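Read off the chains here:
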Amino acid sequence: MSDWLPQVASTYGPRIDNLFYIVLYLTGGSFIITEALLLYFAVRYRYRPDRRAHYTHGNSTLEVVWTIVPAVVLVILTVMSKSAWDEVKHTWPESDVNLVITASQFNWEVRYPGADGKPDTADDVILNNEMHVPVGKPIRIQLRSKDVIHSFFLPNMRLKQDAVPGLTIPVWFEATRTGDFEIACAELCGFGHYTMHGVLTVHSLEEYKTWLEEAMKSAAPAPDAAASEGPA
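In what follows, the accompanying structure is described. In this text, all values refer to a predicted model and were calculated from it rather than measured experimentally.

### Regarding the environment of Glu213
Logical step 1: The residue Glu213 is located in helix 3 (residues 205-218) in this model.
Logical step 2: Exposure remark for Glu213: the relative accessible area of 47% places this residue in the partly exposed category.

Laid out in structure tokens, this is it:
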């Protein structure tokens, strides 16, 4: 059943998948049971000419049970989700791979710090709809938008975050396998939304170093960073 999800390729991806399946099984099972009972009662108590309606108060014990059980399940799911949420949203691992990604209609601009090691300077390496990272290292991203709200989505990394004009939002992931993966926009951002698509390439560490060295040698002078970021 897990084959219908995109292949997971990040360190925190399996935890997110496990939570997804737990919620899916609980809600799916509840839906099937509820619909089966609905069908049973519809048939069991269907209209008959010789049957008379009568008032019933119900069953207080049963009402207490079906109130408490879902409440307990929701509390357990909240506790389980919080640790995963904290790992994804409230941690910022140390790393020497720090990128700035700026969304615009309908493009992902990816900036790598140049030889000075600082982002938003003239020697940055800039790619469009293309991203290269090493496997096994945290990738730290400062996410921005020039114009409207976009949603930076890496399905295989189980990472999705809105890019909001005027804000710089930190996100991170650590890839666990090499290969090419999709970069998508998950927010309807205009008529060309469907074209806002890129490719994330995860290299081995040595391949990434080689790629970065070549990219720095061939990089053209970067435009002013403030102009790239858009309105604050």
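Next comes the rest of the account.
### So, unusual backbone geometry
Logical step 1: Of the consecutive residues Gln105 and Phe106, the connecting peptide bond is found in the cis state with omega at 5°.
Logical step 2: The topology assignment puts Phe106 in the loop between strand 1 (98-104) and strand 2 (107-112).
Logical step 3: Residues other than glycine seldom take positive phi values, yet Asp120 does so here, at roughly 65°.
Logical step 4: Assignment of secondary structure puts Asp120 in the loop between strand 2 and strand 3 (125-128).
Logical step 5: Looking at Asp120, the relative accessible area reads 28%, which means it is partly exposed.
Logical step 6: The phi angle at Asn129 is positive, at roughly 55°, despite the residue not being glycine.
Logical step 7: Classification of Asn129 by relative accessible area gives partly exposed; the value is 22%.

### Focus: helix 3
Logical step 1: The first and last C-alpha atoms of helix 3 sit 20 Å apart over 14 residues, in line with the 20 Å expected at 1.5 Å per residue.
Logical step 2: For helix 3, the complete set of buried residues consists of Tyr208, Trp211, Leu212 and Ala215. Buried residues along helix 3 cover an arc of 100° about the axis, so they all sit on one side. For helix 3, the exposed residues set more than 90 degrees away from the buried face come down to Glu206 and Lys217.
Logical step 3: Looking at the packing, one finds that the buried side of helix 3 touches strand 2, strand 3, strand 4 (130-134) and strand 10 (197-203).

Criteria and thresholds
Residues numbered from 1 in each chain as written. Predicted model: local features only at pLDDT ≥ 70, side-chain atom pairs only at ≥ 80, totals over all residues. Heavy atoms only, no water. Helix = DSSP H or I, 4+ residues; strand = E, 2+ residues; numbered from the N terminus. Buried < 20%, exposed > 50% of the residue type's maximum accessible area, 1.4 Å probe, protein only. Expected span 1.5 Å × (residues − 1). Arc of directions from axis to C-beta. Contact = heavy atoms within 4.5 Å.

As far as function goes, none of this settles anything; it's purely spatial.
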